[in-house]
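Understanding the architecture of this molecule
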Amino acid sequence: MMTSPSGQGEESVTIRRSESADAPGIDDLITSSTREVFGRVNVIHLLEKANLAVTVADDQEEVVAHASFLDHPVEEVVEQEGWEEFLQEHFRAEECTPVNTLFLHLFVGRPSFTAAGGKELMRTVFSTLPELDFLVLIGAGAVGPGPALEDLFEPLPPRIPPGPPSSAFICPRGDICPKLKLRPARMEDLDDIMKLWAEQTGQESHPLVDPAFLQPEVLELQDGGRHTAVCESGGVVVGVVGVSCGVDTELLRDFNLGGVAGLDLGHAHTAAAPGPQEVGGVEGRGSQQEETTPPPLWDGSKALWVHVLLMDRKHQMRAVDVPPYLFTHHPDHHLCLLPVVPLSPDVPLFQSCIRAPPLMGVWPPPTDLYVLHRSVLSRVEVRRAAAADRSAVWNLMRRLGGGEWLQDLDRFYQHRRDPDGVPLQAFVVQVDGQVGGLLVLRDEQDLDFLRAHYHLENFLYLSHHPPQEHAELRLLLLEPHLQPHSRHVFKEVLRLARKSCLYHRGYPCHSPQNSSVHPLEALLRCAAPVRPRQQIDYPLAGLGPNAPPRRLLQEQAPFALSLITRKLTLEPKVAVNARIVVVGASDTGLSFLEGLCSSPHLSFNNLTLVSMQGFPGNSNPEEAEFLSTSHAYSSRDLLRLPLLLRITVVTGKMVAIDRKSKHVRVSGGGRVAYDHLILCTGLQYQCVLRNDDQSIGSIGDQVPRPTGVDPDQPGSCRQNTPRNPPSNMFTLNHPQDCSSAHSWLRHRVQELEGLVVYGSGLDVFTSVGALLGLGFHGGRIHLVLTPPQPGVTHFSDVAVETGVWAALEAAGVRVHQNCLLAQMNDGEDDPDPLTALWFWSGAGSGPGGSSPELMRLPCGVLLNLSSRGVDPDAFQSISRCFLAFDRRLVVDASFRTSDASIRAAPPLAEFSRRYHSDQLSATVSSKEGGQLLAAMMLRLLDPTQGPADESPSREDRLLPLYSQAKVKGGKLPGGLNYLHVSSPSANRSPQVDESGDRVLVTGGVETGDYFRLQVDDYQRVEQLTCVSLKPLPLSNYMRLYGKHQRLLGRLWDLYRQGGVHDLHSFFSQDCFLPVYLDRFCDLEEELQQITSQVRGGASADLHQDRGQEEETRAALRSGAVKYLSYNRNLLPMFATPGQL
């Protein structure tokens, strides 16, 4: 906030980055004098192309002043790539370089606010960009900067009289926001230093403060090994830095400094390709390096250890003035090492540092280590690659990897095109005359595909970025110690290539389409992750020539898309060093990770996933048909998310939690330290033998007594689990389990007998359907169902359950109901292989019924889908660390357990009983639970959202609001495709309208065209159940949830009139495709705003009301037409104005 004089006194304003919504306000401030200086300006186009745009807004968010800056002058004066030579030739501007110079393309302001607003705005620009030294204004004629800027910009003297046909003015940093002056600290500075320390450490833990280094005797006894300096601004101490030449060599053991610091430590290392690599059970992102020999211990020579770095809050961005001072006073040292506690807040100086990667087996590291390299003082130049660079580039490729791209580089030198004839551009990064980097760009050929499949419009107005300004990053090789210069490198490459958008496709490891990026962190510093879009399932047969172009519908290998624009090169990300460990690759855990990794302005450095199956992105959908699915994430969906680029995957199972030392122990003996632990293990099926002593005694010796039963403790059910699962028993919990079962079964289709599927719920029926699909005859399959819970059926729809029973009977599957597994084989400890299973039959007959009987079934394979609950190892880990557990892990409304650093979400967790929300986890979407949990964590971790408040508040008394549907689906016996979508509900299961007053039903399960739809009291779709012999358009049907029946062609009225005979055919009509588009929710919000404004302004005058009604209808029609026009690439079957 700032206060500036205006014609009416003082006015409180805010200075922020400009948004597209500011364009109308900026247009209103443009006057004739503005056009004389800057020419005619398309404001929205300028906001899209500007490297930096800053707006001054008042309390009502009205624009008071605005300035836009680009990295080149107006093109009417000089071309983008030639401005440096132009400026040096015509003006005395030797110090202006692409690194330290920006060009002012527009400045406007209110007449009463212009002078003060302009000065404060320029001060904000210099403070935001510490590397910036000059702002330059170049006009097309001999026109001055105007009265608002004449006090800020001074004329640039021309070199050759009478001068060039343009005018140039410059605003140096020193006149507005000068650099800091550094000098050795003296004893009289102690009071200022201690005051600064008290101000900084009193609010939050500072990452770089060693109190022992601020003692008076240390300041007094400075020598060659220790040095303390203060930073002054206007004669006032605003910062202090303390370094020593002694390095903690024990701490260096955990980090690989060879490549990052440019040191040759004498051991071999291999650069990793983008994405995770398997390193001792850890899949590390990016530049994880595989050590072939243990690295020798570096003695820390030629390195400074930073003990203290404190800066006043107003001068934190000027911490970049510290490295030149330190390296000047220590000319023999090349590095500064900055150890940082993981929970410390981000410091602007970290943008000039490299985060040292830990060695294999050390993840996450106990502390973070930042390395400040002397190369930050070097001038980095980017230029087009020349044939003379080939030798230097080859040496670079040998050091960093990517030698396979040398052939493509030669092709660039010869033809400037790839084998498909697409233009290529290559650029080299030069530091002190040496080649330190290489970038190869390819003109983007699939822009329409990217727009259709990714949310590019969240970052761009594509109409202002013509196709020739888009490029794909094919190769990035950069010396690791040059990472801090990556933003400047990308900015220069975009300027020299005349591009405005640069895309990177992140494919899985070893994919033939993969590009080479090293180091990956250089890309992640600038690139914003782009979320994938949900696609429409088009009825192509019915659309014919009106279908979208084939290039938009064809499937490509899945990839995660990252975007770099000119604007993003000057928006440094906020680093989050907190060690966040997610246990479990469930829908909840993956959704949580997606929420964090998709944040465009945050960079999570210590994000870890602990999963027994590793990253779940490689499963075959056909092999995973044994289990039902929530349709939250498919394998392709996961590979289109930016997870693999930004997380580290630890393959293992959580076996213990140490809350005191804050680490998770993983199977195999590994430990993973955490600051925030997120438990998302979900629920798993378990093989449990249920033995009732009294029943066993009454049956006598028909079956040997199982081991583990205490004969002196009579009573109810006893449970034990086989120590080692038999080789022919598969407990199916993950797609990998299904793949193992599928691989084992498909080789035994002819000879295998006695296939037993044991359990309850939808999964047992999908497993039977998978067995039938593999070719097993139904007579060889035994479906053994456990006793159902009171009031719970296998399907929520009676018609579906009846149809499934009929399909099982037609296939000859033998069904045994109300059974509990009692024993395997003859009761030995390790029954392998299984040959027989003993069940208690009639176990759920209830009071007054007959006693359970013993049933023996031959067993060639057992598919276990019973006893779903918390994994035993997870339960032991939770209970032994004394977290509150009541059937499930107990959490509050913010998903916190009894330990504030440990959080969890349903279905593993259940909200505390004080919320009166029993069984809520069974009726809500796990994916939405992860999204809510991620939103809670971002409030805590994102400094741009203001200081986090962990104290309980009144909001903690209210549960988070679940609004997304719970989805279940799978393939049932008889080849039936099944989908069930229901609304979330607290304290109850989704209600089924038995009366049929709100239910629409067409078709039948037996005929394979069943569709049941239920609306709520407000005539919105509340439930739908579909069964079909044909593949279901899943994406389309899931979009129907929550839609009002009027949006669906007045479906309810039409159904009651007998006009709907087949809902499958009804919803396949072209008119519903706009509803299935993922942007339809935006149209709904826009139309709701229009109608609410009309209702708010309702009048008692009947004629006026009719006029408002006509205006509302016109506005609604206009909104719908704009929606169809804007999305014409995906909805070409609709005519738009001007087309006919």
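Cut-off values and rules
Residues numbered from 1 in each chain as written. Predicted model: local features only at pLDDT ≥ 70, side-chain atom pairs only at ≥ 80, totals over all residues. Heavy atoms only, no water. Helix = DSSP H or I, 4+ residues; strand = E, 2+ residues; numbered from the N terminus. Buried < 20%, exposed > 50% of the residue type's maximum accessible area, 1.4 Å probe, protein only. Contact = heavy atoms within 4.5 Å. Areas by Shrake-Rupley, 256 points an atom, 1.4 Å probe, with all protein chains shown as cover. Arc of directions from axis to C-beta. Polar contact = N/O pair within 3.5 Å; in protein donor to acceptor, adjacent residues only side chain to side chain. Pairing = 2+ DSSP bridges. Core = buried A, V, L, I, M, F, W, Y, C linked by side-chain atoms within 4.5 Å. Axes fitted to C-alpha atoms, helices over the stretch in contact; angles between N-to-C directions. Salt bridge = Lys/Arg side-chain N within 4 Å of Asp/Glu carboxyl O. pLDDT = per-residue confidence, 0-100. Left-handed = near helix turned anticlockwise from the far one by under 90°. Nonpolar A, V, L, I, M, F, W, Y, C, P; charged D, E, K, R; others polar.

**Examining the overall build of the chain**
- A count of helical and extended segments in the chain gives 30 helices and 55 strands.
- The buried share among the 1140 residues of the chain stands at 56%.
- Looking at the chain alone, contacts between residues at least 24 apart form 74% of all its contacts between residues at least 6 apart.
- Of the accessible surface of the chain, which amounts to about 49300 Å², a share of 50% is contributed by carbon and sulfur atoms.

**Structural notes on helix H10 (residues 390-400)**
- For H10, the full list of buried residues reads Val-393, Leu-396, Met-397 and Leu-400. The arc enclosing the buried residues of H10, seen along the axis, measures out at 100°, which places them on a common side. Structural note: H10 exposes Ser-391 and Arg-398 on the side pointing more than 90 degrees away from its buried face.
- A positive backbone phi angle near 90° is found at Gly-401, which sits one or two residues after H10.

**Examining the side chain of Asp-797**
- By the element assignment, Asp-797 lies in the loop between strand E41 (781-785) and helix H22 (798-811).
- Residue Asp-797 is classed as buried on the basis of its relative accessible area, which comes to 9%.
- Within the structure, Asp-797 has its side chain in polar contact with the backbone nitrogen of Ala-799 (distance 2.9 Å).
- In this structure Asp-797 touches Tyr-1010, Arg-1012 and Thr-1025, once residues within four positions along its chain are discounted.

**A look at the environment of Pro-366**
- On the secondary structure map, Pro-366 appears in the loop between strand E18 (354-355) and strand E19 (368-373).
- Not counting residues within four places of it along the chain, the set of residues in contact with Pro-366 comprises Asp-254, Pro-342 and Arg-579.

**A closer look at the environment of Asp-58**
- Relative to the elements of secondary structure, Asp-58 occurs in strand E3 (residues 52-58).
- Along the sequence, Asp-58 and Ile-15 sit 43 residues apart, while their C-alpha atoms lie 8.9 Å from each other.

**Focus on the pairing of strand E22 (residues 434-443)**
- Among the ten residues of E22, nine are classified as buried, and the element is accordingly described as predominantly covered.
- Pairing geometry for strand E21 (residues 424-431) and E22, over eight bridges, is antiparallel. Looking at E22, one finds that Ala-426 is bridged to Val-440.
- Pairing analysis gives seven bridges linking E22 to strand E23 (residues 470-478), with the strands arranged antiparallel. Looking across to E23, one finds that Asp-443 is bridged to Ala-471.

**Section: the nonpolar core**
- Judged by nonpolar contacts, the single largest core of 63 residues is most densely connected at Ile-580, Phe-592, Phe-604, Ile-647, Leu-677 and Leu-679.
- The element best represented in this core is helix H24 (residues 926-941), accounting for six residues.
- Apart from residues no more than four positions distant in its own chain, Phe-592 is found in contact with Ile-580, Val-582, Ile-678, Gly-930, Leu-933, Ala-934 and Met-937.
- Counting residues in hydrophobic clusters, the runner-up holds 44 residues, among them Val-13, Ile-26, Val-54 and Leu-106.

**Looking at the sheet that holds strand E55 (residues 1021-1028)**
- The antiparallel open sheet is built from five strands, whose spatial order is E51-E52-E55-E54-E53. In the strand order of this sheet, the two ends are held by strand E51 (966-972) and strand E53 (999-1002), each with one partner. Across the sheet, the mean angle from the axis of one strand to that of its neighbour is 5°, orientation sign disregarded.
- Of the pairings in the sheet, the one linking E51 to strand E52 (residues 976-982) comprises seven bridges and is antiparallel in character. The residue of E52 that forms the bridge with Val-967 is Val-981.
- Most of the contacts of helix H21 (residues 762-774) go to E51, to which it runs at about 30°, and overall it touches E51 and E52.

**Topic: the pattern of salt bridges**
- Per the counting criterion, the structure on display carries 48 salt bridges.
- One salt bridge in this structure joins Glu-120 and Arg-123, with 2.6 Å as the shortest N-O distance. Here Arg-123 and Glu-120 lie together in helix H5 (residues 114-128), a separation of three residues that amounts to about one turn.
- Residue Arg-123 is classed as partly exposed on the basis of its relative accessible area, which comes to 27%.
- A salt bridge links Arg-659 to Asp-899; the nearest nitrogen and oxygen atoms lie 2.9 Å apart. Of this pair, Arg-659 sits in the loop between strand E33 (654-658) and strand E34 (663-666) while Asp-899 sits in the loop between strand E48 (888-891) and strand E49 (902-904), placing them 240 residues apart in sequence.
- For Asp-899, a relative accessible area of 12% translates into the label buried.
- Through salt bridges with shared partners, a single network forms among Asp-418, Arg-442, Glu-444, Glu-472, Arg-474 and Arg-505.

**A few points about the confidence of the model for the chain**
- Averaged over all residues, the pLDDT of the chain equals 84, while 85% of them reach at least 70.
- Note on residues 264-282: pLDDT under 50 across the span, and 51 contacts to partners over four residues away in sequence or across chains.
- Counted against residues more than four places away or in other chains, residues 693-718, with its pLDDT under 50, gives 42 contacts.

**Here's the deal with the packing of H21 against H22**
- In the contact formed by H21 and H22, the axes pass within 12 Å of each other and the chain directions differ by 35°. Like other packed secondary-structure pairs, H21 and H22 cross with a definite hand, here left-handed. Facing H21, whose interface residues are Phe-765, Val-768 and Leu-772, H22 presents Val-804, Trp-805, Leu-808 and Ala-811.
- In terms of residue class, the contact of H21 with H22 is made up of seven nonpolar, no polar and no charged.

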